Amino acid sequence: MSSKTSAGRFFEDYRLGEVISHAVPRTLSGGERALYHALYPARGALYSSDAFARACGLPASPLDDLIVFHTVFGKTVPDISLNAVANLGYAEGRWLRPVYPGETLVSESEVIGLKQNSNGKSGVVWVRTTGRGDDGAPVLDYVRWVMVRKRDADADAPETVIPDLADVVPADRLVVPAGLDFSGYDFALAGEPHRWGDYAKGEVIDHVDGVTVEEAEHMLATRLWQNTSKVHFDASNRADGKRLIYGGHVISLARALSFNGLANAQMVVALNGGAHANPCFAGDTVRAWTEVLDRAETDAPGVGALRLRLVATTGSAGALKGEDGKHLPEVLLDLDYWALIPI
């Protein structure tokens, strides 16, 4: 048989400090926006209307921030998580400038941490991934860590290096897009009257609505982002015979559901942390709730920032962890992010 095909990387294939340039650049268009809005109940005005975006100081409506995330993330999968057991978490993520239709994105990742699991059959790999646009400058960077299978359980374990990661992106490191101005923001067109000062630290918002995950939607979304991870496509890859729903699909569902109560939290600008707490499968009905963690002002006219904990769940709003400190089994996602909102 020919040996031209690749089974992907396994845990023992990674080296600390290695920089991996990911294949297949992706030119984004209005097609990605249309498919994204078909897959998710996304209604953010800034990402729906050129006129609304221009009234907020931008040249046109940018592509949804999570389109950029999924595209950059998808490029990394063949090299980072093709043989993953699970995608474990995120940290230190920042959107560095808006991306517009017609731009081409590429991704690269640096291996910043390695730790073999005690069972000797898998290990955790930490990478810092950067997405770049047409000018070669970064548009997004973030850290994620993934549990990856070993090819050979007897292969030597690498030296354990666990990176020291910040718990939160400081408010003074948030990048507000050049020209963004919410001083003349149209709340009626945006869909809700609530502004920065209307949200209190510790407030919990039940976003009310739910979406039942369909196998077809998940498969379409995962292919859209060119995510090739086996657990999402091959039912024989798991002992239970189920295809795991891509965690980013759950992120986008929850973010879109949060419109009801957070319609004016227009732009995600930082990803402080996150965990895919439990697996999601077709047939699960996903609901979302948000806790307001912090507020900050920015130097941009009329622009404030909210630090938000977004939780996707098949259970009830406000329920997160048990007495043992672990996420409840109904919690699918626990995501900590900063969003820009009019003051």
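Reading guide: rules and limits
- Residues numbered from 1 in each chain as written.
- Predicted model: local features only at pLDDT ≥ 70, side-chain atom pairs only at ≥ 80, totals over all residues.
- Heavy atoms only, no water.
- Core = buried A, V, L, I, M, F, W, Y, C linked by side-chain atoms within 4.5 Å.
- Buried < 20%, exposed > 50% of the residue type's maximum accessible area, 1.4 Å probe, protein only.
- Helix = DSSP H or I, 4+ residues; strand = E, 2+ residues; numbered from the N terminus.
- Axes fitted to C-alpha atoms, helices over the stretch in contact; angles between N-to-C directions.
- Parallel < 35°, antiparallel > 145°, perpendicular 65-115°, else oblique.
- Contact = heavy atoms within 4.5 Å.
- Nonpolar A, V, L, I, M, F, W, Y, C, P; charged D, E, K, R; others polar.
- Phe/Tyr/Trp six-rings, centres within 6.5 Å; stacked < 30°, edge-to-face > 60°.

Caption draft 1: Structural detail: the nonpolar core. Among the nonpolar cores identified, the biggest contains 53 residues, and Tyr40, Val68, Phe69, Tyr90, Trp95, Leu140 and Trp225 are the most heavily contacted of them. Element by element, the count of residues in this core is highest for helix 3 (residues 65-80), at 7 residues. Counting 25 residues, the second largest nonpolar core, distinct from the first, contains Phe52, Val169, Val303 and Trp338.

Caption draft 2: Here's a closer look at the packing of helix 1 (residues 30-39) against helix 3. Helix 3 packs onto helix 1 with a crossing angle of 105° between their chain directions and a minimal axis gap of 10 Å. The orientation of helix 1 relative to helix 3 falls into the category roughly perpendicular. Across from Glu32, Arg33 and Tyr36 in helix 1, the residues of helix 3 making contact are Leu66, Ile67 and His70. Per-class residue counts for the contact of helix 1 with helix 3 are 3 nonpolar, 1 polar and 2 charged.

Caption draft 3: Spatial organisation of the packing of aromatic side chains. Inspection of the entire model under this criterion finds 10 aromatic pairs. Summarising the aromatic geometry, the rings of Phe73 and Tyr246 are spaced 5.6 Å apart at their centres and angled 45° between planes, so their arrangement reads as tilted. In this pair, Phe73 sits in helix 3 while Tyr246 sits in the loop between helix 6 (230-233) and helix 7 (247-257), placing the two residues 173 residues apart along the sequence. The residues Phe73 and Tyr246 share a single accessibility class, namely buried.

Spatial relationships are all this shows, so hold off on functional conclusions.
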